[in-house]
Structure formats: C-alpha cells, structure tokens
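# Descriptive analysis of the structure
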Amino acid sequence: MKIRSVQNTRKITKAMEMVAASKMRRAQERMRSARPYGEKIRNVAAHISHANPEYRPPFLVERDTVKGIGIIVVSTDKGLCGALNTNLLRLALAKYKEWQGEGESIEVCAIGTKAFGFMQRLGANVISHVVQLGDRPQMEKLIGAVKVMLDAYTSDRVDRVMLFYTRFINTMKQEPVMEQLLPLSGERLGSPETLWDYIYEPEAKVVLEHVLTRYIETIIFQAVAENMASEQSARMVAMKAASDNAANLIDELTLIYNKNRQAGITKEISEIVGGAAAV
C-alpha cells in the first residue's frame, strides 16, 4: 500500500515537473521580451532626471524626512515552488519589523495570493492587492493596485516606496531583492552618457508625470515577470527533487517488501520440512 501510494504521488510530481518546465520557458521568453521596452523608458527617465526642466516631478524629489513607507510585495499565487515565497516574505518581514521599530507608518500593496495572505496574518495595513494573475502577467490587472500606492506617495501619506520581488538569475538560482521604487533614485536610473533636454508639449507637468508613471508601472510589470519566471523554475526544481525522492523511497520500500516476502517463504518451507521430519 505504501509503495502504491508513493507511486501515485510520483506520477503527480513528475507531471507537475514537466508542466513547470514548459511554462518556465514561456515565462523566461516573456521576461526577456519585456526588457527592451523597460530599458528604453529607463533611458528616457534617466535623461529627464538629469535635465533641468521648469517642472520637477514629485517622483524625482527626495523627501527630507521619512515618516511613512509604502511597500509593494510581489509573490506567487500558488505554492509547491520550494522556498521561493518563504525567502521573499522573510526579507519583507525583517524590513517591516525594522521600520516599525523606528516608528514609521507602513502601507502595503500585495501582488499575489501568498503575499496578501501573509500580510493579512501579520496585521499590516494592506491598502491594495491583486491576486490570481495567471501564468501571463497583464498590465491592466496591475495598474489599479499600483495607482493606489502612487496616490499615497503623491498625497504625502508615504515618503518612500519599496519593491520586494524575486529576481530571476538562472534556472537553479533566484534571489529575493528589495529595491527603492520611489523616489526614483540615480542608482536605478543610471547616468546617461550624454545629457538631453526636451521641449514639452502641451506642458512639462503633464508629460513628465505621464512618462514617469509609465516607467514605474513598467518596473513593477518587469518585477512580476521576473517573479513568474522564478516561480516556474523553482517549481520545476522542487518537483524534480520530489520525484527523485519518491523513486528512492519506492526502491527502499520494494527492498523491504521483498525481504519480508522472502522471509515468509523461508519460514513456511522450514515449517514444512520440520513437519515432514517429525512424521
């Protein structure tokens, strides 16, 4: 019965491994195809940040004091992907406790079922969330939750916005990272080789706020795409390990079963021989 049970479990994990491998390739392609647009809009934002326009967008202005912090946590909707969510949420929890200890108010935007459930259990102030993103991230689903956090920043409820997600490095390695989303820092934007200035039509305020909002949405979309690629890679590795462990357990149980069966046969033969000798 144990052997049959483990065999059934192995069939499930093997199937999940193959499905994750197929989804992983597509997720990596989507992640890589989103990078050129993200790089181009990052380049434009870098030039804007180093230019001297007549209007300075609030997303580029560093606040003197930090009284409130907004955090955006990007996790998966499903489990069975190893320690992917655990490592990310552990990092977010450590920073949450640190900021809470400094007396700063914290508002949370949760992307993914795991992050939403964790923040609710933690008792955090979740001002927006989006779950059930599916296997293909869509900007339309993300914009609403992101806008709530951007509005909190522009209305001075939070003075800094941090982004937590899992960065895809390769199939075997994914690492949880924390990046400052707002105000947009020079480290993320980089320094352009040549400085450009722009002529704005109709006016600088409308154009700059629109461009920088699109840039922030692109950053979050890219983080979601990276997180999904990491999820499928981690799930494939975890299910492969589970399948291999199930195969080893089946071998061990089969050996025990054969030993017990052979011991039973030997005992019966000994009883027959002993009975015949007695007669």
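For the structure, check the block above.
What comes next concerns the included structure. Since the model is a prediction, treat every value here as computed from it, not as a measurement.

## Some remarks on the environment of Gly 70
- Here Gly 70 is to be found in strand β1 (residues 68-74).
- Taking C-alpha positions, Gly 70 is 7.6 Å from Cys 109, a pair spaced 39 residues apart along the chain.
- Look past the residues within four positions of Gly 70 in its chain and what remains in contact with it is Glu 107, Met 149, Val 158, Arg 160, Val 161 and Met 162.

## As for the environment of Leu 91
- Note that Leu 91 resides in helix α2 (residues 84-101).
- Each C-alpha atom of the pair Leu 91 and Tyr 165 lies 9.9 Å from the other, and the pair is 74 residues apart in sequence.
- Apart from residues lying up to four places away in sequence, Leu 91 is in contact with Phe 164, Pro 176, Val 177 and Met 178.

## Let's talk about helix α1 (residues 2-50)
- The first and last C-alpha atoms of α1 sit 67 Å apart over 49 residues, in line with the 72 Å expected at 1.5 Å per residue.
- Within α1, the axis deviates most sharply at Arg 35, by approximately 30 degrees, and proline Pro 36 lies no more than four positions further along.

## Concerning α2
- Between its terminal C-alpha atoms α2 stretches 26 Å, which fits the 26 Å expected from 18 residues at 1.5 Å a residue.
- Three or more residues of α2 are buried, namely Leu 84, Asn 85, Leu 88, Leu 89, Ala 92, Tyr 96 and Trp 99. For α2, the buried positions fall inside an angular range of 90 degrees around the axis, keeping them on one side. Residues of α2 that are exposed and angled more than 90 degrees away from the buried face: Arg 90 and Gly 101.
- Summarising the contacts, the buried residues of α2 are in contact with β1, β2 (105-111), α3 (113-122), β4 (160-170), β5 (173-182) and α6 (204-278).
- Within two residues after α2, Gly 103 carries a phi angle of roughly 80 degrees, on the positive side.

## Details of the side chain of Glu 231
- Along the polypeptide, Glu 231 turns up in helix α6.
- Here Glu 231 falls in the buried class, since its relative accessible area comes to 10%.
- Setting aside its immediate chain neighbours within four residues, Glu 231 contacts Thr 76, Lys 78, Cys 81 and Leu 84.

## A look at the packing of α1 against α6
- The interhelical angle for the contact between α1 and α6, taken along N-to-C directions, is 160 degrees, at an axis separation of 6 Å. Taken together, the axis directions place α1 and α6 in an arrangement best described as roughly antiparallel. Crossing geometry of α1 relative to α6 is assigned as left-handed.
- Residues of the contact of α1 with α6, tallied by class, amount to 31 nonpolar, 10 polar and 11 charged.

Analysis parameters
- Residues numbered from 1 in each chain as written.
- Predicted model: local features only at pLDDT ≥ 70, side-chain atom pairs only at ≥ 80, totals over all residues.
- Heavy atoms only, no water.
- Helix = DSSP H or I, 4+ residues; strand = E, 2+ residues; numbered from the N terminus.
- Contact = heavy atoms within 4.5 Å.
- Expected span 1.5 Å × (residues − 1).
- Bend = angle between axes of the 7 residues up to and from the residue.
- Buried < 20%, exposed > 50% of the residue type's maximum accessible area, 1.4 Å probe, protein only.
- Arc of directions from axis to C-beta.
- Axes fitted to C-alpha atoms, helices over the stretch in contact; angles between N-to-C directions.
- Parallel < 35°, antiparallel > 145°, perpendicular 65-115°, else oblique.
- Left-handed = near helix turned anticlockwise from the far one by under 90°.
- Nonpolar A, V, L, I, M, F, W, Y, C, P; charged D, E, K, R; others polar.

Coordinates in, geometry out; function isn't part of it.
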